[in-house]
Amino acid sequence: MSDEAIAKSKEVSSALADKAAGKIRNYAVGSRYIASSRVADNVKISKSSKIGEFAYGYKSQRFFSGGASTLDMVYGLEFGSNQYPQFPPRRKEGYFIYPTLRKLQPEIIKDWEKAFTEILKEFD
């Protein structure tokens with residue numbers, strides 16, 4: 001791929017990751033656990049990835065003053081806990097990140113294939 005095609009693929013992938021993160025954020029806001037929306041707001045989207053990457057939870061992001069980091073909280077909020085009452089009950093399918101991604105998967109794949117077909121036509 002040419003440098004222009006690579007730059008375009010990074011732009012498209014970043015836009016798709018941003019779209020997915022926005023849907024996750026909307027789903028988390030509707031959660032009865034207020035902390036879910038705080039975690040969903042702190043997403044990092046990779047602008048340099050050709051495949052569209054994003055991540056939640058970082059040690060450097062403090063959740064509350066002197067409290068846990070978002071990295072500590074993301075697992076409990078997404079998958080729950082049977083040990084800690086501040087989290088929802090344990091659920092292996094997740095609460096807001098993974099269910100949203102599973103729901104969006106067909107749409108994201110379709111959009112990605114369409115965009116990359118256009119990139120290949122334009123730069124081939």
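(A) Spotlight on the overall build of the chain. In terms of regular secondary structure, the chain is built from four helices and two strands. Secondary structure elements of the chain occur, N-terminal to C-terminal, as α-α-β-β-α-α. For the chain, the spread of C-alpha atoms along the three principal axes comes to 55 × 30 × 20 Å. Restricting to contacts in the chain with at least 6 residues of sequence separation, those with at least 24 account for 49%. Accessible surface for the chain amounts to roughly 8,000 Å². Of this, 53% is attributable to carbon and sulfur atoms.

(B) Examining the packing of aromatic side chains more closely. Counted by the stated rule, this structure contains three aromatic pairs. Here the basic side chain of R91 rests over the ring of Y95, its NZ or CZ set 3.9 Å away from the ring centre.

(C) A look at helix α3 (residues 70–79). Residues of α3 that are buried include every one of T70, M73, V74, G76, L77 and E78, and no others. Contact partners of the buried residues in α3: α2 (34–41), β2 (54–56) and α4 (97–123). Directly beyond the C-terminal end of α3, a positive phi value near 75° is found at G80.

(D) Spatial organisation of the confidence of the model for the chain. Taken as a whole, the chain shows an average pLDDT of 84; of its residues, 91% reach a score of 70 or greater. The secondary structure element of the chain with the lowest average pLDDT is α2, at 79, and the one with the highest is α4, at 91.

(E) View of the packing of α2 against α3. Following both chains from N to C, one finds α2 and α3 inclined at 125°, their axes separated by 10 Å at the closest point. Of the possible angle classes, the one that applies to α2 and α3 is oblique. α3 is crossed by α2, and the crossing has left-handed handedness. Across the interface between the two elements, A35, S36 and V39 of α2 pack against M73, V74 and L77 of α3. For the contact of α2 with α3, a count of residues per class yields five nonpolar, one polar and no charged.

(F) Seen up close, the pattern of salt bridges. For the coordinates displayed, the defined rule picks out five salt bridges. Between K19 and D111 there is a salt bridge, with the nearest N and O atoms lying 2.9 Å from each other. Taken together, the residues span a long stretch of sequence, with K19 in helix α1 (residues 3–29) and D111 in helix α4 at a distance of 92 residues. For R91, the salt bridge goes to E93, with nearest N and O atoms at 3.4 Å.

(G) Structural view of the nonpolar core. Counting 18 residues, the largest nonpolar core has I24, V39, Y56, L77, F96 and I97 as the members making the most contacts within it. Of all elements in the fold, only α1, α2, β1 (43–45) and α3 reach the threshold of two or more residues within this core. It is α1 that contributes the most residues to this core, four residues altogether. Look past the residues within four positions of F96 in its chain and what remains in contact with it is I24, Y27, A28, S36, V39, A40, L77 and E78. Core analysis: the second largest hydrophobic core is formed by six residues, L16, A115, F116 and I119 among them.

Definitions and cut-offs
Residues numbered from 1 in each chain as written. Predicted model: local features only at pLDDT ≥ 70, side-chain atom pairs only at ≥ 80, totals over all residues. Heavy atoms only, no water. Helix = DSSP H or I, 4+ residues; strand = E, 2+ residues; numbered from the N terminus. Contact = heavy atoms within 4.5 Å. Areas by Shrake-Rupley, 256 points an atom, 1.4 Å probe, with all protein chains shown as cover. Phe/Tyr/Trp six-rings, centres within 6.5 Å; stacked < 30°, edge-to-face > 60°. Lys NZ or Arg CZ within 6 Å of the ring centre and 35° of its normal. Buried < 20%, exposed > 50% of the residue type's maximum accessible area, 1.4 Å probe, protein only. pLDDT = per-residue confidence, 0-100. Axes fitted to C-alpha atoms, helices over the stretch in contact; angles between N-to-C directions. Parallel < 35°, antiparallel > 145°, perpendicular 65-115°, else oblique. Left-handed = near helix turned anticlockwise from the far one by under 90°. Nonpolar A, V, L, I, M, F, W, Y, C, P; charged D, E, K, R; others polar. Salt bridge = Lys/Arg side-chain N within 4 Å of Asp/Glu carboxyl O. Core = buried A, V, L, I, M, F, W, Y, C linked by side-chain atoms within 4.5 Å.

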